[in-house]
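As a plain string of letters, each chain reads:
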Amino acid sequence: MASQTIESMQAINAVTNTPVIRPVVTMDKLEIIDIAEKIDTFQISIQPFEDCCTIFAPDRPKTNPKIKNTEQYEARLDVEGLVERAVAGIMITEIRPQAETDEVDELIEDLL
């Protein structure tokens, strides 16, 4: 993913004051899928709903963005409007692991 290059992560960090937690950044796709299946979130993650990636992502994302350009573009964004659009019609899904509680706690602890 374009957002997972070192350059992109630096650019993202440059324009936000919010801590960005990347617990799976060192894992490949198959490892992430395996964890999602173990904690019973995989089926939800593959449902055909729009998410922030499909709504806001450009057709051809930059994989080596320049921080100066990122800051200029960020300043022009209607953040309030984007947030309102993102949360309109939000659905809440309760996720309950099928695995034993101790096993799920151990998986989460391993991620952290």
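Before any of the text, the structure's been laid out above.
Quick notes on the rules
Residues numbered from 1 in each chain as written. Predicted model: local features only at pLDDT ≥ 70, side-chain atom pairs only at ≥ 80, totals over all residues. Heavy atoms only, no water. Axes fitted to C-alpha atoms, helices over the stretch in contact; angles between N-to-C directions. Helix = DSSP H or I, 4+ residues; strand = E, 2+ residues; numbered from the N terminus. Parallel < 35°, antiparallel > 145°, perpendicular 65-115°, else oblique. Left-handed = near helix turned anticlockwise from the far one by under 90°. Contact = heavy atoms within 4.5 Å. Nonpolar A, V, L, I, M, F, W, Y, C, P; charged D, E, K, R; others polar. Buried < 20%, exposed > 50% of the residue type's maximum accessible area, 1.4 Å probe, protein only. Polar contact = N/O pair within 3.5 Å; in protein donor to acceptor, adjacent residues only side chain to side chain. Arc of directions from axis to C-beta. Patch = residues over 30% accessible without salt bridge, like charges linked within 9 Å, V, L, I, M, F, W, Y side chains within 5 Å. Areas by Shrake-Rupley, 256 points an atom, 1.4 Å probe, with all protein chains shown as cover. Salt bridge = Lys/Arg side-chain N within 4 Å of Asp/Glu carboxyl O. Lys, Arg positive; Asp, Glu negative; His and termini not counted. Charge placed at Lys NZ, Arg CZ, Asp CG, Glu CD.

Caption draft 1: Spatial organisation of the packing of helix α1 (residues 6–14) against helix α5 (residues 67–76). One way to put it is that α1 packs onto α5 with a least axis distance of 9 Å and a crossing angle of 45°. Here α1 is positioned oblique relative to α5, judged by the angle of their axes. Here α1 and α5 pass one another in a crossing that is right-handed. For the pair α1 and α5, contact is made by Q10, A11 and A14 and by I67, T70 and E71, respectively. Here the contact of α1 with α5 is composed, by residue class, of three nonpolar, two polar and one charged.

Caption draft 2: Representation of the side chain of S8 within the structure. By the secondary structure assignment, S8 is in helix α1. On the accessibility criterion, S8 (5% relative accessible area) is buried. At 2.9 Å, the side chain of S8 and the side chain of T5 are in polar contact.

Caption draft 3: Looking closely at α1. All of the buried residues in α1 are S8, M9 and A11. Along the axis of α1, the buried residues cluster in a sector spanning 160°; they form a single face. Residues of α1 that are buried sit in contact with α5.

Caption draft 4: Structural context of a negative patch on the surface. There is a patch of like negative charges on the surface, built from D102, E103, D105, E106, E109 and D110. Along the chain, E106 falls in helix α7 (residues 101–111).

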